[in-house]
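Read off the chains here:
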Amino acid sequence: MSTETTLILFKPDAVTQGLVGTVLARYEKEGFKVRGLKVMALSDEILADHYSHIADKPFFPSVRGFMQESPVVALALEGENVISRVRDLLGPTDSKEAAAGTIRGDFGDKGEDSKMRNICHASDGPEAAEAELKRFFNEGEII
Ligand code: ADP
C-alpha cells in the first residue's frame, strides 16, 4: 500500500449534465481526499500535450472538440493506491463495455460516442500522474 495522488478531469459530459458532485461523492466515499480542485477551459496546446498518445488517431480532432465543449474540472485526489483504484471505479474507456456500478457504466454515453464521452479522465500510472498533476496544477495549488 502506498499513498499516491492522481489527476482526474471531469470531462464536459460530466460538467454539462451536472454530474461532478455525484461522481466526486463516489471518490470521497472510497476515503480519497481532495487536495486540489479547479475549473479550467482547455487550450489546444494543453490538449495536444495531454493527449499526445492519441494525437495521430483519426478520432483525435473529435476528442479535442469534445474536451472544449465546456470547461472541465481538474481534481488532485489522494489516497492509498488511488491511481489504480480510481481506474477500477471508472471502468474501461468504452462506456458501453463498462459494468453497471462503475462510473462510466452508470453515467457514460451508451450511443455512438461511447468510447469518447466517458465522464472522467484519470492518470493510468505513477509516472503519468506526476506529469499530469504538473500539467494541470500550478505550484501551491495542491495542498
Ligand atoms: P482512457 O481515458 O480510458 O485512459 P485513452 O487514453 O486510450 O483512454 O484515450 C483517451 C481518451 O480519448 C478516452 O478517454 C476517450 O475520451 C477518447 N477515445 C479513446 N479511444 C477513442 C475512440 N476509439 N473513439 C473516440 N474517442 C476515443
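Per an unreviewed UniProt entry, the chain goes by the name Nucleoside diphosphate kinase and belongs to Haloferula chungangensis. UniProt's Sequence similarities (unreviewed entry) comment on the chain is quoted here verbatim: "Belongs to the NDK family." For the record of the chain, the UniProt heading Cofactor (unreviewed entry) holds the text "Mg(2+)".

S.K.: What is the right way to look at helix H2 (residues 20-29) in this model?
M.R.: Side chains of residues three or four places apart in an α-helix project in the same direction, reflecting 3.6 residues per turn. Those residues of H2 not exposed but buried are Val23, Leu24 and Tyr27. Burial along H2 is one-sided: seen end-on, the buried residues are contained in an arc of 100°. In this fold, the buried residues of H2 make contact with strand S1 (3-10), strand S2 (33-40), strand S3 (72-80), helix H5 (82-90), helix H6 (103-107) and strand S4 (120-122). One or two residues past the end of H2 sits glycine 31, with phi positive at roughly 95°.

S.K.: Looking at this model, I keep getting lost on the pairing of S1. Mind explaining?
M.R.: Where a strand is regular, its side chains alternate between the two sheet faces. Here S1 lies mainly inside the structure; six of its eight residues are buried. The pairing of S1 with S3 spans eight bridges and is classified as antiparallel. By the bridge assignment for S3, threonine 3 is matched with glutamate 80. One ladder, built from three bridges, connects S1 with S4; its direction is antiparallel. Each bridged residue has a counterpart across the sheet, and for isoleucine 8 the counterpart in S4 is alanine 122.

S.K.: Any chance you could explain the UniProt feature "binding site: ATP" (unreviewed entry) in the chain here in plain terms?
M.R.: Summarizing the sequence annotation, UniProt attributes the feature "binding site: ATP" (unreviewed entry) to Lys11, Phe59, Arg87, Thr93, Arg104 and Asn118 in the numbering used throughout. Residues that both appear in the annotated list above and line the largest pocket are Lys11, Phe59, Arg87, Thr93, Arg104 and Asn118. Mapped onto the elements of the fold, arginine 87 is located in helix H5. In this structure, arginine 87 is in contact with Ala122, Ser123 and Asp124, ignoring residues within four places of it in sequence. Here arginine 104 is to be found in helix H6. In this structure arginine 104 comes out as buried when scored by relative accessible area, which is 6%. Those residues in contact with arginine 104 that sit more than four places away from it in its chain are Leu90, Gly91, Pro92, Thr93, Ser95, Ala98, Lys110, Asn118 and Cys120.

What counts and how
- Residues numbered from 1 in each chain as written.
- Predicted model: local features only at pLDDT ≥ 70, side-chain atom pairs only at ≥ 80, totals over all residues.
- Heavy atoms only, no water.
- UniProt positions renumbered as here; feature names shortened; annotations may be inferred.
- Buried < 20%, exposed > 50% of the residue type's maximum accessible area, 1.4 Å probe, protein only.
- Helix = DSSP H or I, 4+ residues; strand = E, 2+ residues; numbered from the N terminus.
- Arc of directions from axis to C-beta.
- Contact = heavy atoms within 4.5 Å.
- Pairing = 2+ DSSP bridges.
- 1 Å grid on protein atoms, 1.4 Å probe; cavity = no way out; pocket = protein on both sides within 12 Å on 5 of 7 lines; lining within 4 Å.

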